[in-house]
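# Chains, contacts and geometry: an overview
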Amino acid sequence: PRNRPGAAAMSLSVFDLFKIGVGPSSSHTVGPMVAAHRFASGLEGAGRLAGVRRVQVDLYGSLALTGKGHATDTAVLLGLAGWRPTAVDPDAVPAFLATVRGDRRVALAGTHPVPFDEPADLLFHTTEFLPGHPNGVRFRAFDDAGRAVADETYYSVGGGFVVRDGEPEGAGAAAAAEPHPFRTADELLAIGDRTGLSVPEIVAANELATRTREELDAGLDRIWAVMEGCIARGCRTEGTLPGGLGVKRRAPGLHRSLENRGAADPLGLMDWVSLFALAVNEENAAGGKVVT
């Protein structure tokens, strides 16, 4: 948002740019999970959760057309059950899905079980597009009498960002608290010339307007830990990637090969970089925890 010509300066944190979530898609997996979580937690916050007896989810446009391949259905179920993308344990997801689909129930916000018959309550409208964005999802909650007690539509606008229908994109992202707001790279460089601060120092000062140094450092450490964990998991996990094409994971075999090679090859470092990229690629495709 900062570099759009004519746009007002907006707060865009490093934690907006680097999101901890799950693969394979920020717009088709992370976004729908965030939307489902917002819907369920909104019911809880408004005191309406106890009166809900059924929920229905409608996927539209691109979310419907490619949702199965991008695990949009899984993401919605996780979000309704109170899971956030940042806290998902990929190893726990298969058991969770087996329970929800076996019992035909989902615990809204993690606390309120309601019947959920996936073929009837999670619908893919592959020929319909909502007007606001190609990635649309509608959530409805019904009471005992079948009346809708909540009806909300969300758009997954990319990068894990979600906008509820009727609210402006970027709502709440005011930059007034930032000491060094900027819209473009030229403005960023001008701030550096004027203040003598480096780019990292400028960005850090803006981050510290809304959080403590300890919170900033802990958040960055958390992002790095997920990156490292994703590499490690990708390097050790054998098997075939989901999706029906029978694609075998290659990173574990390459990892063993590089460990056996030793350090004699002066270009070996680039082979390790390629391995790390492949490991993260395969983890993302498998729905693992990644940094978007």
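Everything below is about the structure printed above this text.
The model shown is predicted, which means the values in this text are computed figures rather than measured ones. (Residues numbered from 1 in each chain as written. Predicted model: local features only at pLDDT ≥ 70, side-chain atom pairs only at ≥ 80, totals over all residues. Heavy atoms only, no water.)

With that settled, the discussion passes to the environment of Pro85. Mapped onto the elements, Pro85 comes out in the loop between α4 (72–80) and α5 (93–103). Owing to a relative accessible area of 7%, Pro85 belongs among the buried residues under this scheme. Each C-alpha atom of the pair Pro85 and Gly160 lies 9.5 Å from the other, and the pair is 75 residues apart in sequence. Setting aside residues up to four positions removed in sequence, Pro85 forms contacts with Ile20, Gly21, Val22, Val30, Met33, Val34 and Lys289. (Helix = DSSP H or I, 4+ residues; strand = E, 2+ residues; numbered from the N terminus. Buried < 20%, exposed > 50% of the residue type's maximum accessible area, 1.4 Å probe, protein only. Contact = heavy atoms within 4.5 Å.)

With respect to the helices and strands, the residue Thr86 is situated in the loop between α4 and α5. Sequence separation between Thr86 and Gly61 is 25 residues; the distance between their C-alpha atoms is 26 Å. Leaving out residues up to four positions away in the same chain, Thr86 has contacts with Ile20 and Lys289.

To continue, consider helix α9 (residues 213–236). Along its 24 residues, α9 runs 35 Å from first to last C-alpha, staying within 8% of the 34 Å computed at 1.5 Å per residue. Among all positions in α9, only Leu216, Gly219, Ile223, Val226, Cys230, Arg233, Gly234 and Cys235 are buried. Here the buried face of α9 lies against α1 (14–17), β1 (20–22), α8 (199–207), α10 (251–261), α11 (268–285) and β9 (289–291). (Expected span 1.5 Å × (residues − 1).)

As summarised here, the arrangement of the five strands in space is β5-β2-β6-β7-β8, forming an open sheet in which the pairing is mixed. Two strands in the sheet have a free side with no partner beyond their single neighbour: β5 (122–125) and β8 (161–164). Going from strand to strand, the sheet's axes swing by 25° on average, the running direction of each strand aside. Where strand β2 (residues 54–61) and β5 come together, four bridges link them in parallel fashion. Across the sheet, Leu59 pairs through a bridge with Phe124, a residue of β5. Of the strands in this sheet, β6 (135–142), β7 (148–158) and β8 touch helix α2 (residues 26–45), which is tilted by about 150° from β7. Sitting on the sheet, α4 is in contact with β2, β5 and β6, with an inclination near 145° to β2. (Pairing = 2+ DSSP bridges. Axes fitted to C-alpha atoms, helices over the stretch in contact; angles between N-to-C directions.)

Look at α2 against α4: their axes get within 7 Å of each other, and the N-to-C directions meet at 30°. Relative to α4, the element α2 is oriented roughly parallel. Seen from above, α2 lies across α4 with right-handed handedness. The residues of α4 that touch α2, namely those facing His28, Thr29, Pro32, Met33, Ala36, His37, Phe39 and Ala40, are Thr72, Ala75, Val76, Leu78, Gly79 and Leu80. Residue classes in the contact of α2 with α4 are distributed as nine nonpolar, five polar and no charged. (Parallel < 35°, antiparallel > 145°, perpendicular 65-115°, else oblique. Left-handed = near helix turned anticlockwise from the far one by under 90°. Nonpolar A, V, L, I, M, F, W, Y, C, P; charged D, E, K, R; others polar.)

What follows concerns the pattern of salt bridges. The tally for this structure, following the rule as stated, stands at 17 salt bridges. Close ionic contact of Arg147 with Asp143 constitutes a salt bridge, the shortest N to O distance being 3.0 Å. The exposure class assigned to Asp143 is buried, which follows from its relative accessible area of 15%. Its salt-bridge partner being Arg233, residue Glu283 comes within 2.7 Å of it at the nearest N-O pair. Within this pair, whereas Glu283 is found in helix α11, its partner Arg233 is found in helix α9, the two being separated by 50 residues in sequence. Residue Arg233 is classed as buried on the basis of its relative accessible area of 18%. Linked through salt bridges whose partners overlap, the residues forming this network are Lys68, Asp73, Arg101 and Glu118. (Salt bridge = Lys/Arg side-chain N within 4 Å of Asp/Glu carboxyl O.)

If you walk through the whole model with that rule in mind, you get four aromatic pairs. Residues Phe139 and Tyr154 carry aromatic rings whose centres are separated by 5.9 Å and whose planes lie at 75° to one another, so their mutual orientation is edge-to-face. Of this pair, Phe139 sits in strand β6 while Tyr154 sits in strand β7, and the two are 15 residues apart along the sequence. Of the residues examined, Phe139 reaches a relative accessible area of 0% and is grouped as buried. With a relative accessible area of 1%, Tyr154 lands in the buried category. One aromatic cluster is present, formed by Phe39, Phe139 and Tyr154 through successive ring pairs. Of note, Lys19 hangs over the ring of Phe161, and the distance from its end group to the ring centre comes to 3.4 Å. (Phe/Tyr/Trp six-rings, centres within 6.5 Å; stacked < 30°, edge-to-face > 60°. Lys NZ or Arg CZ within 6 Å of the ring centre and 35° of its normal.)

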